[in-house]
Amino acid sequence: MQIRVANMSLKDFLLKRNYHSIQLKKTKTNHFELKAKINGVKGRFILDTGASNTCVDFEVAEHFKLDAEDSETKAAGAGATEMDTKQALEVKIQIGLWRYHNLHLVLLDLTHVNTALKNHRAKPVDGIIGADILKRGKAVIDYDKNRLYLSKKIFLY
């Protein structure tokens, strides 16, 4: 089904309003997966509209050049509760051509997420893109076309 806004496709409508288009891949677990760069390093992430914060696994902190510091915040989600977290401040993220340079990133143990993915013969991920990025980027998700749109208007380096 083609979404049309004022005789224009959703894609054309958003691109005309300075949005970036990012391809999403549907995983075997029916999640959307996307590629992103954290501090210039490529990674694989799940898009999760229900996750309040963008996060990465403790195991990849060094890989993404993150300066992690302790956090008193406990995380919960996807069947796990009271998980210890760390945080990294002023992190640079790039999704497609969209960039943001002042991300507050949460680090936590994503073993339970990656175990579930592996059990369904899906590839493990480095982290999760959460609602913080979606809100900051004024995100629009086209579920029919497997595309994420993020506004260029907050395009910061």
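Residues numbered from 1 in each chain as written. Predicted model: local features only at pLDDT ≥ 70, side-chain atom pairs only at ≥ 80, totals over all residues. Heavy atoms only, no water.

**Considerations on helix 2 (residues 111–119)**
Among the residues of helix 2, Val113, Asn114 and Leu117 are the ones counted as buried. The buried side chains of helix 2 occupy one side of the element, clustering within an arc of 90 degrees when seen end-on. Opposite the packed face of helix 2, turned more than 90 degrees from it, sit the exposed residues Lys118 and Asn119. Next to the buried residues of helix 2 lie strand 6 (41–47) and strand 7 (55–57). Arginine 121 sits one or two residues past helix 2 and shows a positive phi near 60 degrees. (Buried < 20%, exposed > 50% of the residue type's maximum accessible area, 1.4 Å probe, protein only. Helix = DSSP H or I, 4+ residues; strand = E, 2+ residues; numbered from the N terminus. Arc of directions from axis to C-beta. Contact = heavy atoms within 4.5 Å.)

**A short note on the pattern of salt bridges**
Under the counting rule described, the total for this entry stands at one salt bridge. Glutamate 33 is paired through a salt bridge with arginine 44; the nearest N and O atoms lie 3.2 Å apart. Taken together, the residues glutamate 33 in strand 5 (residues 32–38) and arginine 44 in strand 6 connect sequence positions 11 residues apart. (Salt bridge = Lys/Arg side-chain N within 4 Å of Asp/Glu carboxyl O.)

**Quick look at the environment of threonine 54**
Within the secondary structure, threonine 54 is located in the loop between strand 6 and strand 7. For threonine 54, a relative accessible area of 0% corresponds to the buried category. Taking C-alpha positions, threonine 54 is 5.5 Å from isoleucine 128, a pair spaced 74 residues apart along the chain. A distance of 3.0 Å separates a polar atom in the side chain of threonine 54 from the backbone nitrogen of glycine 130. Of note is the side chain of threonine 54, whose polar atom sits 2.7 Å from the side chain of aspartate 132. (Polar contact = N/O pair within 3.5 Å; in protein donor to acceptor, adjacent residues only side chain to side chain.)

**Notes on the nonpolar core**
One finds Ile38, Leu66, Ile93 and Ile95 to be the most contacted residues of the largest nonpolar core, which totals 29 residues. Counting only elements with at least two residues in this core, the list comes to strand 5, strand 6, strand 9 (80–95), strand 10 (98–108), helix 3 (131–136) and strand 13 (147–151). Excluding residues within four positions of it along the chain, leucine 66 makes contact with Ile38, Asn39, Val56, Ala61, Ala88, Val91, Leu105 and Leu107. Grouped together as the second largest cluster of nonpolar side chains are 11 residues, Ala51, Leu108, Val113 and Val125 included. (Core = buried A, V, L, I, M, F, W, Y, C linked by side-chain atoms within 4.5 Å.)

**A word on the side chain of arginine 147**
Tracing the chain through its elements places arginine 147 in strand 13. For the buried arginine 147, no salt bridge is present, and the opposite-charge side chain at shortest range is aspartate 142, 7.3 Å distant. Polar contacts involving the side chain of arginine 147 include one to the side chain of serine 21, which spans 2.5 Å. Not counting residues within four places of it along the chain, the set of residues in contact with arginine 147 comprises Ser21, Ile22, Gln23, Leu24, Val140, Ile141 and Asp142. (Lys, Arg positive; Asp, Glu negative; His and termini not counted.)

**Topic: the sheet that holds strand 12 (residues 140–142)**
Judged by pairing direction, the sheet is antiparallel, and its three strands sit side by side in the order 3-13-12 without closing on themselves. On the outer flanks of this sheet lie strand 3 (19–23) and strand 12, each paired with one strand and no other. Geometrically, the sheet is characterised by an average inter-axis angle of 25 degrees between neighbouring strands, direction not taken into account. Of the pairings in the sheet, the one linking strand 3 to strand 13 comprises five bridges and is antiparallel in character. Bridge pairing in strand 13 links isoleucine 22 to leucine 148. (Pairing = 2+ DSSP bridges. Axes fitted to C-alpha atoms, helices over the stretch in contact; angles between N-to-C directions.)

By themselves these figures say nothing about function.
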